[in-house]
Amino acid sequence: MQSSNHRLRDMEQHHPLLSPGADVETGSLAAGVMVGGPHAGHTAGNRTMWFIQDSCGMVCAGMTWFLVLYAEFVVNFVMLLPGKNFWYSLLNGATFNSLAVLALASHLRTMLTDPGAVPKGNATKEYMESLQLKPGEVIYKCPKCCSIKPERAHHCSICKRCIRKMDHHCPWVNNCVGEKNQRFFVLFTMYIALISAHALGLSGMHFFTCIKVQWNECSDFSPGVSVLLLIFLCLEAVLFLTFTAVMFGTQLHSICNDETEIERLKNEKPMWERRMRWDGMRAVFGGPPSLQWCNPFTGLRLRRLLLLTHARHGGSEFSV
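Quick caveat: nothing in here was measured; it's all calculated off a predicted structure.

Enquirer: Would you mind going over the pairing of strand β7 (residues 161-164) with me for this structure?
Expert: A regular strand carries its side chains on alternate faces of the sheet. Every second residue of β7 is oriented toward a common face, with Arg 161 and Ile 163 on one face and Cys 162 and Arg 164 on the other, all of them buried. Both strand β6 (residues 153-156) and β7 contribute to a ladder of 4 bridges, which runs antiparallel. Each bridged residue has a counterpart across the sheet, and for Ala 153 the counterpart in β7 is Arg 164. Between β6 and β7, which follow one another and run antiparallel, lie 4 residues, and Lys 160 among them has a positive phi close to 60°.

Enquirer: Whenever I open this one, the packing of helix α4 (residues 182-212) against helix α5 (residues 223-257) confuses me. Can you help?
Expert: Packed helix pairs are specified by the crossing angle of their axes together with the interaxial distance, meaning the distance between the axes. Two numbers describe how α4 lies on α5: the axes approach to 7 Å, and their chain directions differ by 145°. With respect to the hand of their crossing, α4 and α5 are arranged in left-handed fashion. A class-by-class count of the residues in the contact of α4 with α5 yields 22 nonpolar, 7 polar and no charged.

Enquirer: Looking at this model, I keep getting lost on the UniProt feature "transmembrane region" (unreviewed entry) in the protein. Mind explaining?
Expert: Here, UniProt's "transmembrane region" (unreviewed entry) annotation points to residues 56-80, 86-105, 184-207 and 227-248. Strand forms 0% of residues 184-207 and helix 100%; the C-alpha atoms that close the span are 34 Å apart.

Enquirer: Would you mind going over empty space enclosed by the protein with me for this structure?
Expert: In this approach, a probe sized like a water molecule rolls over the atoms, and the result shows the empty space that is left. Applying the stated criterion across every chain, the model contains 2 cavities of 30 Å³ or more. Volume-wise, the largest cavity comes out at about 90 Å³. As for the largest cavity, its lining consists of 13 residues, of which Lys 165, Gln 182, Ser 254, Ile 255 and Asp 258 are closest to the centre. Elements represented by at least two residues in the lining of the largest cavity include exactly α5 and α7 (278-285).

Enquirer: It is not clear to me how α4 should be interpreted in this structure. Could you clarify?
Expert: Residues that lie three or four places apart on an α-helix share one face, since the helix turns once every 3.6 residues. Here α4 is 31 residues long and its end C-alpha atoms lie 46 Å apart, about the 45 Å a rise of 1.5 Å per residue gives. The positive-phi residue at the C-terminal boundary of α4 is Gln 214, with phi of around 55°.

Enquirer: Can you walk me through a nonpolar patch on the surface in this structure?
Expert: On the surface, a cluster of nonpolar side chains totalling about 440 Å² of accessible area is made up of Phe 73, Phe 77, Leu 81, Phe 221 and Val 225. Looking at where Phe 221 falls in the secondary structure, it is placed in the loop between α4 and α5. Among the residues examined, Phe 221 registers a relative accessible area of 31% and is labelled partly exposed.

Enquirer: Can you help me understand the environment of Gln 53 in this one?
Expert: When you line up the elements, Gln 53 lands in the loop between β3 (47-48) and α1 (55-80). A relative accessible area of 36% places Gln 53 in the partly exposed class. In the structure, Gln 53 is positioned 105 residues away from Ile 158 in sequence and 9.5 Å away in space, judged by C-alpha atoms.

Enquirer: Sorry, what's going on with the nonpolar core here?
Expert: Side chains of nonpolar character tend, in soluble globular proteins, to be buried together. Val 74, Val 75, Met 79, Phe 185, Ile 192, Leu 233 and Phe 285 are the most contacted members of the largest nonpolar core, which has 38 residues in total. When residues of this core are traced back to their parent elements, those giving at least two are α1, α2 (86-112), α4, α5 and α7. It is α4 that contributes the most residues to this core, 10 residues altogether. Residues within four places of Val 75 in sequence aside, it is in contact with Leu 80, Phe 96, Leu 202 and Leu 233. Of all hydrophobic cores here, the second largest spans 9 residues; its members include Cys 156, Ile 163, Met 166 and Ile 262.

Criteria and cut-off values
Residues numbered from 1 in each chain as written. Predicted model: local features only at pLDDT ≥ 70, side-chain atom pairs only at ≥ 80, totals over all residues. Heavy atoms only, no water. Buried < 20%, exposed > 50% of the residue type's maximum accessible area, 1.4 Å probe, protein only. Helix = DSSP H or I, 4+ residues; strand = E, 2+ residues; numbered from the N terminus. Pairing = 2+ DSSP bridges. Axes fitted to C-alpha atoms, helices over the stretch in contact; angles between N-to-C directions. Left-handed = near helix turned anticlockwise from the far one by under 90°. Nonpolar A, V, L, I, M, F, W, Y, C, P; charged D, E, K, R; others polar. UniProt positions renumbered as here; feature names shortened; annotations may be inferred. 1 Å grid on protein atoms, 1.4 Å probe; cavity = no way out; pocket = protein on both sides within 12 Å on 5 of 7 lines; lining within 4 Å. Points joined across faces, edges and corners; volume = space filled by probe spheres on them. Expected span 1.5 Å × (residues − 1). Patch = residues over 30% accessible without salt bridge, like charges linked within 9 Å, V, L, I, M, F, W, Y side chains within 5 Å. Areas by Shrake-Rupley, 256 points an atom, 1.4 Å probe, with all protein chains shown as cover. Salt bridge = Lys/Arg side-chain N within 4 Å of Asp/Glu carboxyl O. Core = buried A, V, L, I, M, F, W, Y, C linked by side-chain atoms within 4.5 Å. Contact = heavy atoms within 4.5 Å.

Encoded structure:
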C-alpha cells in the first residue's frame, strides 16, 4: 500500500509512530478501552477482560496456583497449627499467608491485564490517511496481525498480537509481559521468592525441632507422611526461589536500563530516549517510591470487576 503521502512496509522492524495512548481501532474500539486478545476477553459494555486461551499457558498457570496452595497447606497444617508456640505460629502464619495472597493477586493481575496489545487490523487506508503523515515518512505494518507497529512493539506468536515493550511471553502467567503488566510480573516474582525463602526457613526449623523430640507430638500426620510433604515442599521452594529470584533481578535490570529482554537478545540499538534507573522504575510502577509500588491491587476497580462478572454470567461472547 503506497501513496504520495506515505509508504507502508510489511516488515517486523519498528519505527516511532504511535504514542502509548493512541489505541484507536477504526470502527471498533474507542480510546481507553481494554483490548481483548486473539482468544481473549469477556466484554461488559465497552470494557474487555484480557485472557489468553492457550492450553499450555493455562496448565502452567494452574500448576502455579496448585504449588502455592500446596505450600500453604504444608506450612499451615503440617508445621504451624500443630506447634505449641502460639506466637511463633501466629506471626509466621500471618506473614506467610499474607505474602501468598499478594503473590496470587500479582499472578492474577499479570495474567488478566492487557500487556499493551496494539489494536488488531488497524492498518487500513482510512486510518493511515487520518494520521496525516509527512511526505516520505515510513511506517511499519505487521504482516501477521495487520496492525501498524508502534515503536518498540513486537509480535507474539502465542497471543497473536503485537505487544508494546514486549519483554517475553511467560507460560507461568499465561500472558505476555509488556508495557502495561510488567509491574505485576515483577511483584509476582518478588512475592514468590519471598514465600519460597520463608518456606525453606520454616522447614529447616521444623526438621530441627522434630528431630529433637524424635517426631513425637510434632505433627498431626505420621512421621513418614510429614517427611515426604516437607521434602517436596523444600524441593519446590528451592526451584521457585532460584527461578523467581533470577527473574526478579533480570526484570529490575531491564527496567533500570529501559531495555526489554527481546531488545537485548536482538541487540537492537536504542532509537528511543532511555529512562534510566529511577526514571525507569517510576515509569513502570507509577509515581515516586512508596508502598504502593508493592501493592498488586493498585488501580483495581471493584465496579469494573462487577461489570465483567455480570457480563460473564449474562453469556457474553469472547472478543476477537
